[in-house]
Amino acid sequence: MTNTTHFGYKTVAEEDKVREVAKVFHSVAAKYDIMNDVMSAGLHRVWKAFTIANAAVRPGFKCLDIAGGTGDLAKVFAKQAGPTGEVWLTDINESMLRVGRDRLLNRGLITPTLLCDAEKLPFPDNYFDRVSVAFGLRNMTHKDQALKEMRRVLKPGGKLLVLEFSKVAEPLQKPYDLYSFKILPWMGQKIANDADSYRYLAESIRMHPDQETLKTMMEEAGLERVTYYNLTAGVAALHTGIKM
């Protein structure tokens, strides 16, 4: 019997979701950064800066950036970890990973990049000081398994940081829905010639666990001292947890 999951608001076979998500990011990779700037009014850069500050990467740290896309976090982590550190940029989507790798190289940063599935990380136990995933967890089919893998590869005392779109504050719900389902697909069509991918984005945010549910999932994956910070009234949230 085929297992099913959600792709936005649709119910699909698990293997079909992997293909459908891949098509979305193959389609938007070239315009990913400019669309992020337009649709968030540049706020995604503030959210990522907050995540970087909470990561507190020091020289010599080993860091893993999962679903790292165009490399915004990995770029800064590589500079902070320095020549004695080790920073991996990974993504399951080859188009996104190529964009990220090229951006790092263009900035003179030679750091390993790897095409891999977050649910089956090819790294040893207790290896990284920091693991991050920014706007990637909601696209994973088995989020619980991915979180367990992230914990597995962390060193004792290491920190996981999950930056993701989340549940917006109730007074903003109606205007946020209007923006998400009307304006966002229109911008996707005008800028990236792809309304469907940005319609999926809006749907995937609604299907993603809310702040408290994700906190519980991280605790069930074995992380401790799990906390979260609402960003821009809950449009996004940063969850952090420690492997003890």
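Residues numbered from 1 in each chain as written. Predicted model: local features only at pLDDT ≥ 70, side-chain atom pairs only at ≥ 80, totals over all residues. Heavy atoms only, no water.

### Regarding helix α2 (residues 32–40)
The test is simple: With a 1.4 Å probe rolled over the protein chains alone, any residue whose accessible area is under 20% of its type maximum counts as buried; one over 50% counts as exposed, and the rest are partly exposed. Helix and strand assignments come from DSSP, with helices taken as H or I runs of at least 4 residues and strands as E runs of at least 2, each series counted from the N terminus. Note that the arc is computed from the directions linking the helix axis to the C-beta atoms.
Buried within α2 we find Y32, D33, M35, N36, M39 and S40. For α2, the arc enclosing every buried residue in end-on projection is 165°, short of the 170-degree limit, so these residues lie on one face. A41 lies just past α2 and shows a positive phi near 55°.

### What to know about the environment of T141
For clarity, the cut-off: Note on contacts: a residue pair is in contact if any heavy atoms of the two residues lie within 4.5 Å.
With respect to the secondary-structure elements, T141 resides in the loop between β6 (128–134) and α6 (143–153). For the pair T141 and V18, spaced 123 residues apart in the sequence, the C-alpha separation amounts to 7.6 Å. Excluding anything up to four places from it in sequence, T141 contacts T5, E14, K17, V18 and E119.

### Details of the packing of helix α7 (residues 173–192) against helix α8 (residues 195–207)
Our working rule: Between N-to-C directions, angles cover 0 to 180 degrees, with each direction set by a line fitted to C-alpha atoms, over the stretch in contact for helices. Angle categories are assigned with fixed cut-offs, so that under 35 degrees is roughly parallel, over 145 is roughly antiparallel, 65 to 115 is roughly perpendicular, and the rest are oblique. Left-handed describes a crossing in which the near helix is turned anticlockwise from the far one by less than a right angle; the clockwise case is right-handed. Only Asp, Glu, Lys and Arg are considered charged, only Ala, Val, Leu, Ile, Met, Phe, Trp, Tyr, Cys and Pro nonpolar, and every remaining residue, Gly among them, polar.
Closest axis-to-axis distance for the α7/α8 pair is 7 Å, and the angle between their directions is 155°. The pairing of α7 with α8 is recorded here as roughly antiparallel in orientation. Note on packing geometry: the crossing formed by α7 with α8 is right-handed. Taken together, the residues of α8 that come into contact with α7 (itself represented by Q173, Y176, D177, S180, F181, L184, P185, G188, Q189 and A192) are A195, Y198, R199, L201, A202, E203, I205 and R206. Looking at the contact of α7 with α8 residue by residue, the classes come out as 10 nonpolar, 4 polar and 4 charged.

### Details of the sheet that holds strand β5 (residues 113–115)
Where we set the bar: Paired strands, in this sense, are two strands between which DSSP finds at least two bridges.
Strand order in the open sheet made by the 7 strands is β5-β4-β3-β6-β7-β9-β8, with mixed pairing throughout. Every interior strand has two partners, whereas the edge strands, β5 and β8 (224–231), have only one. Here the average twist between neighbouring strands, direction ignored, is 15°. Packed onto the sheet, helix α5 (residues 94–106) meets β4 (86–91) and β5 and runs at close to 150° relative to β4. Across the sheet, α6 touches β3 (62–66), β6 and β7 (154–165), and the angle it forms with β7 is around 145°.

### Side note on the packing of aromatic side chains
When we look at a pair of aromatic rings, we describe it by the centre distance and by the angle of the planes. In plain terms, the rule: Classification of ring pairs uses Phe, Tyr and Trp, with its six-membered ring standing for Trp, and accepts pairs whose centres are within 6.5 Å; under 30 degrees between planes counts as stacked, over 60 as edge-to-face, and the remaining range as tilted.
As enumerated under the stated definition, the model contains 7 aromatic pairs in all. Seen in terms of ring centroids, W47 and F135 are 6.1 Å apart; in terms of plane orientation they differ by 50°. Their pairing is tilted. Taken as a pair, W47 in helix α3 (residues 43–55) and F135 in the loop between β6 and α6 lie far apart in primary sequence, 88 residues in all. The exposure class of W47 is buried, given its relative accessible area of 4%. Residue classification places F135 among the buried residues on the basis of a relative accessible area of 8%. Here the aromatic rings of Y127 and F128 are separated by 5.0 Å at their centres, their planes lie at 80°, and the arrangement is edge-to-face.

### Concerning the UniProt feature "binding site: S-adenosyl-L-methionine" (unreviewed entry) in the protein chain
Just so we agree on the cut-off: UniProt positions are given in the numbering used here, feature names are shortened, and annotations may be inferred rather than shown by experiment.
Using the residue numbers shown here, the UniProt feature "binding site: S-adenosyl-L-methionine" (unreviewed entry) corresponds to T70, D91, D117 and A118. Examined against the element boundaries, T70 turns out to sit in the loop between β3 and α4 (72–81). Judged by relative accessible area, T70 falls into the buried class, the value being 4%. Not counting residues within four places of it along the chain, the set of residues in contact with T70 comprises Y32, D33, M96, V99, G100 and R103. Looking at D91, the relative accessible area reads 8%, which means it is buried.

### Considerations on α5
The cut-off we apply is this: One fewer than the residue count of a helix, multiplied by 1.5 Å, yields its expected span.
The end-to-end C-alpha distance of α5 is 18 Å, a good match for the 18 Å that 13 residues give at a rise of 1.5 Å each. Buried residues of α5: M96, L97, G100, R103 and L104, and no others. Axial view of α5: buried residues confined to an arc of 130°, hence all on one face. Packing partners of the buried residues in α5 comprise α1 (14–28), α2, α4, β4 and β5.

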